[in-house]
Amino acid sequence: MKFITSNKGKFREAREIAEKFGIEIEWLKMEYEEPQGSQLEEIAKRSAEILAREIREPFFIEDSGLFIEALNGFPGPYSSYVFKTIGNKGILKLMDGISNRRAYFKAVVAYFDGAKISVFDGIVYGEISPEIRGSKGFGFDPIFLYRGRTFAEMGEEKNLVSHRRIALENFFRTISGK
Ligand code: ITT
């Protein structure tokens, strides 16, 4: 089955999780235009519908984002753009002086089985760290604190608890019948 993403970090994590279910995934490295929307589920579903018109075999995509409570859920569905523009330093600046650091990552998988699209999601709660820490992982991992360590300090351990893990497990469990 193909995983369509332009993000190598996402693919690596997904491959590791898929292996545990005896599922082999192939990376179809491709950037696709995402329709705008305020909900990840809606964006993922619509992206998959558009891609399904071209790619007629089974595939999945995954849309994810970081939601910061004190910023009313920002950057949420705009996480990729915000990461590319202001990055981790920019987020820490926005959070300067804010004591409510609560945040969560959410992942939504949209799967096209050759006929129809299904959606699966996963959430992990944590906090925005006061500083950038750790060198593993990708994206916002160095500023996302989970039980005292950032995701970028956790390395492979992140894969046991992440939003992507939860969403993919729901997905793989459903399709493998395990
Ligand atoms: P696609 O080609 O799969 O769309 P993308 O990087 O553009 O790749 P998204 O649109 O889903 O992915 O944007 C999600 C962004 O949120 C991503 O670029 C990261 O900056 C951030 N993000 C998502 N999951 C993350 C994780 O596990 N750790 C750190 N940052 C994450």
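A. Spotlight on the overall build of the protein chain. For the protein chain, the helix and strand inventory stands at seven helices and seven strands. With respect to the principal axes defined by its C-alpha atoms, the protein chain has extents near 50 × 35 × 25 Å. Within the span of the protein chain, comprising 178 residues, buried residues form 48% of the whole. Restricting the contact set of the protein chain to residue pairs at least 6 apart, pairs at least 24 apart contribute 59%.

B. Structural detail: the packing of helix H1 (residues 8-19) against helix H7 (residues 163-176). Packing of H1 against H7 leaves a shortest axis separation of 10 Å and a crossing angle of 45 degrees. It follows from the interaxial angle that H1 and H7 lie oblique. Along this stretch, H1 crosses H7, giving a crossing that reads as right-handed. Between H1, through Lys10, Glu13, Ala14, Ile17 and Ala18, and H7, the contact on the second element is made entirely by Arg164, Arg165, Leu168 and Phe172. Looking at the contact of H1 with H7 residue by residue, the class counts come to five nonpolar, no polar and four charged.

C. Structural view of the layout of surface pockets. Roughly 910 Å³ of volume is contained in the largest pocket. The wall of the largest pocket is formed by 31 residues, among which Glu34, Ser79, Ser80, Tyr81 and Lys84 lie closest to the centre. Every element with two or more residues in the lining of the largest pocket is listed here: strand S1 (2-5), strand S3 (59-68), helix H3 (79-85) and H7. By residue number, the principal contributor to the lining of the largest pocket is H3, which donates five residues. By volume, the second largest pocket is sized at about 250 Å³. Along its surface, the second largest pocket is lined by 14 residues, and Gly9, Arg12, Glu13, Glu16 and Asn159 are the ones closest to its centre. Elements represented by at least two residues in the lining of the second largest pocket include exactly H1 and helix H6 (158-161).

D. Inspection of the site of the ligand at higher detail. In the vicinity of the ligand lie 20 residues, with Thr5, Ser6, Lys10, Asp141 and Lys158 positioned nearest. A distance of 2.9 Å is found between an oxygen atom of the ligand and a backbone nitrogen or oxygen belonging to serine 64. Contact distances for the ligand include 3.2 Å between a nitrogen atom and a side-chain N or O atom of histidine 163. If the ligand stood free it would expose 600 Å²; the protein chains cover 94% of that surface. Applying the majority rule of atoms within 2 Å of the grid points places the ligand in the largest pocket. Put simply, the parts of the chain that give the shell around the ligand at least two residues each are S3, H3 and H7. Its residues assigned to classes, the shell around the ligand shows five nonpolar, eight polar and seven charged.

E. Highlighting the packing of aromatic side chains. Applying the stated criterion across every chain yields a total of 17 aromatic pairs. Between the aromatic rings of phenylalanine 105 and phenylalanine 151, the centroid separation amounts to 5.9 Å while the plane-to-plane angle is 5 degrees, which identifies the pairing as stacked. Placement of phenylalanine 105 in strand S4 (residues 102-112) and of phenylalanine 151 in helix H5 (residues 151-154) is noted, with a sequence separation of 46 residues between them. Among the residues examined, phenylalanine 151 registers a relative accessible area of 1% and is labelled buried. Each residue in the set Phe3, Phe11, Phe21, Trp27, Phe60, Tyr111, Phe120, Phe171 and Phe172 is aromatic and connected to the rest through ring pairs, giving one cluster.

The rules behind these values
- Residues numbered from 1 in each chain as written.
- Predicted model: local features only at pLDDT ≥ 70, side-chain atom pairs only at ≥ 80, totals over all residues.
- Heavy atoms only, no water.
- Helix = DSSP H or I, 4+ residues; strand = E, 2+ residues; numbered from the N terminus.
- Buried < 20%, exposed > 50% of the residue type's maximum accessible area, 1.4 Å probe, protein only.
- Contact = heavy atoms within 4.5 Å.
- Axes fitted to C-alpha atoms, helices over the stretch in contact; angles between N-to-C directions.
- Parallel < 35°, antiparallel > 145°, perpendicular 65-115°, else oblique.
- Left-handed = near helix turned anticlockwise from the far one by under 90°.
- Nonpolar A, V, L, I, M, F, W, Y, C, P; charged D, E, K, R; others polar.
- 1 Å grid on protein atoms, 1.4 Å probe; cavity = no way out; pocket = protein on both sides within 12 Å on 5 of 7 lines; lining within 4 Å.
- Points joined across faces, edges and corners; volume = space filled by probe spheres on them.
- Near = heavy atom within 4 Å.
- Polar contact = N/O pair within 3.5 Å; in protein donor to acceptor, adjacent residues only side chain to side chain.
- Areas by Shrake-Rupley, 256 points an atom, 1.4 Å probe, with all protein chains shown as cover.
- Sits in = over half its atoms within 2 Å of the grid points.
- Phe/Tyr/Trp six-rings, centres within 6.5 Å; stacked < 30°, edge-to-face > 60°.

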